[in-house]
Amino acid sequence: MKDLKSVKSIDLSSLTIIGTSISFIWSIVFSIIIIAILSLIIGRFDISFTIIGIGIIFGTLILSISKYFGISFLYNFFIKRMRDVKIGINNMESITDISILSLSLIVAVISLVVSIIIYPIIFLMLSFVTILYSLLQAISLQGFSWLVYPISLAFNPTFILYSFIISLVFTGIGAFIFNKISPKIGGLKVLLSKKDNMTSIDYINPKNAGIISGVICLVFGLIYGLIFSIISVSLPANLMLIVLLTIGGLIGGFIYGAISAHLYNFFSKKFSPVKIELKD
């Protein structure tokens, strides 16, 4: 039987531990890929690449702790002052739908606050992006330079406004897609258990998570490719970019969602599952 629940709060420690652990594993994978690509480009392995990899892993670890703790803290703060985020739960075994407007608004407000707080840090840590953007253009890879263009917007104070608008729009699109595909696959299959006033997310089905993530990333890839092809006034030339982003979004999103769910299940057993407070 389907129940409509309000997400009243998120447990800070459990989300921070699980989220950071998953991000840590992905940072290792990403570092290995970066080192392999750099080695292929110059035709040999350089010890400096290892330093880059360590920097990525360490930076991800620090940022993840701050991100997950900060997001859950801000969510708990703002949810008391905004409309409840509601989710549909079927027999404590699947999440069937999400309230689009309330979720989009609170995510946008959190993004706005976070961007104001960390803007100076972003400016310093992403200093390499403008160099990469200029390099890609210089070697006639304009299509790929648009991949890093949005990150370069962080150097403009209007990035703070962008963060609010982009979070509002894309969260809304993501929630809308979730609600559309959820009935076709039986929702996001999970195992929930309740203890006192908190509900634990004990298990996430990797296949369902992969499908949902893949479809959402497919749509985002299509939107992203269209937007920046139009901005660059070179839609025909960037047709391949659109195709790559769309197909890559589907495949990459599925892989990311499925593996992240597997990692969640692993770490939730090692530590403690994420806990949320649900009320009718």
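Residues numbered from 1 in each chain as written. Predicted model: local features only at pLDDT ≥ 70, side-chain atom pairs only at ≥ 80, totals over all residues. Heavy atoms only, no water.

Engineer: How do you make sense of the overall build of the protein chain when you look at a structure like this?
Structural biologist: Regarding its fold elements, the protein chain presents 8 helices and 6 strands. In sequence order, the protein chain lays out its α and β elements as β-α-α-β-β-α-α-α-α-β-β-α-α-β. Sorting the 280 residues of the protein chain into buried and exposed places 41% on the buried side. Long-range contacts, defined as pairs at least 24 residues apart, comprise 75% of the intrachain contacts of the protein chain with a sequence gap of at least 6. Of the roughly 15,500 Å² of accessible surface on the protein chain, a fraction of 76% belongs to carbon and sulfur atoms. (Helix = DSSP H or I, 4+ residues; strand = E, 2+ residues; numbered from the N terminus. Buried < 20%, exposed > 50% of the residue type's maximum accessible area, 1.4 Å probe, protein only. Contact = heavy atoms within 4.5 Å. Areas by Shrake-Rupley, 256 points an atom, 1.4 Å probe, with all protein chains shown as cover.)

Engineer: I would appreciate a short explanation of the pairing of strand β2 (residues 86-90) in the present structure.
Structural biologist: It is a general feature of regular strands that their side chains alternate between the two faces of the sheet. With 4 bridges joining them, β2 and strand β3 (residues 94-98) adopt antiparallel strand pairing. Paired with N90 across the two strands is S94, which belongs to β3. The antiparallel hairpin formed by β2 and β3 contains 3 residues in its connecting segment, where N91 sits at a positive phi of about 55°. (Pairing = 2+ DSSP bridges.)

Engineer: What is the right way to look at the pattern of salt bridges in this model?
Structural biologist: Opposite charge on two side chains makes pairing possible when the charged atoms of those side chains draw close. Summed over all chains, the structure comprises 2 salt bridges. Between D84 and K8 there is a salt bridge, with its nearest N and O atoms 3.1 Å apart. Of the two residues, D84 is situated in the loop between α2 (47-78) and β2 and K8 in strand β1 (residues 2-10); the sequence distance between them amounts to 76 residues. (Salt bridge = Lys/Arg side-chain N within 4 Å of Asp/Glu carboxyl O.)

Engineer: Which parts of the structure should I look at to understand the confidence of the model for the protein chain?
Structural biologist: Low-confidence regions, as indicated by low pLDDT, have predicted coordinates that should not be scrutinised in detail. Overall, the prediction assigns the protein chain a mean pLDDT of 81, with 82% of residues at 70 or greater. Strand β5 (residues 198-204) holds the highest mean pLDDT among the elements of the protein chain, 92, whereas helix α5 (residues 142-152) holds the lowest, 48. Across residues 139-148, where pLDDT falls below 50, the model places 21 contacts with residues more than four positions away in sequence or in other chains. (pLDDT = per-residue confidence, 0-100.)

Engineer: Please explain the pairing of β3 as it appears in this structure.
Structural biologist: Within β3, 4 of the 5 residues are buried, which leaves the element mostly enclosed by the surrounding structure. Sheet topology note: the β3/strand β4 (residues 188-195) ladder contains 2 bridges and is antiparallel. Residue pairing across strands places I95 opposite L188, the latter belonging to β4.

Engineer: Would you explain α2 in this entry?
Structural biologist: When the terminal C-alpha atoms of α2 are compared, their 46 Å separation across 32 residues agrees well with the 46 Å that a helix rising 1.5 Å per residue should span. Taken as a whole, α2 has its buried residues at F49, G53, G59, S64, Y68, G70, S72, L74, Y75, N76 and F78. (Expected span 1.5 Å × (residues − 1).)

Engineer: Can you walk me through the packing of aromatic side chains in this structure?
Structural biologist: Both the distance between ring centres and the angle between the ring planes are used here to describe each pair of aromatic rings. By the definition in use, this model includes 5 aromatic pairs. Where F77 meets F78, the ring centres are 5.1 Å apart and the plane angle is 85°; that geometry is what we call edge-to-face. Residue classification places F77 among the partly exposed residues on the basis of a relative accessible area of 37%. Taken together, the ring pairs in this structure connect F266, F267 and F271 into an aromatic cluster. (Phe/Tyr/Trp six-rings, centres within 6.5 Å; stacked < 30°, edge-to-face > 60°.)

Engineer: Whenever I open this one, the environment of Y256 confuses me. Can you help?
Structural biologist: Note that Y256 resides in helix α8 (residues 239-270). Overall, Y256 belongs to the partly exposed group, its relative accessible area being 44%. Separated by 230 residues in sequence, Y256 and W26 place their C-alpha atoms 9.1 Å apart.

Engineer: Looking at this structure, how should I read the side chain of T246?
Structural biologist: Checked against the element boundaries, T246 lands in helix α8. Residue T246 is classed as buried on the basis of its relative accessible area, which comes to 17%. Sequence-distant contacts of T246, that is, excluding residues within four places in its chain, are made with L218, G221 and L222.

Engineer: How should a nonpolar patch on the surface be read in this particular structure?
Structural biologist: On the surface, L239, M240, V243, L244, I247, L250, I251, F254, I255 and I259 cluster together into a nonpolar patch covering about 880 Å² of accessible area. Residue position: L244 is located in helix α8. (Patch = residues over 30% accessible without salt bridge, like charges linked within 9 Å, V, L, I, M, F, W, Y side chains within 5 Å.)

Engineer: Is there a simple way to explain unusual backbone geometry in this structure?
Structural biologist: In terms of backbone geometry, most residues other than glycine have negative phi values and most peptide bonds are trans. With phi around 55°, N91 is a residue other than glycine that occupies positive phi space. Positive phi, close to 60°, is recorded for D196, a residue that is not glycine. Secondary-structure assignment places D196 in the loop between β4 and β5.

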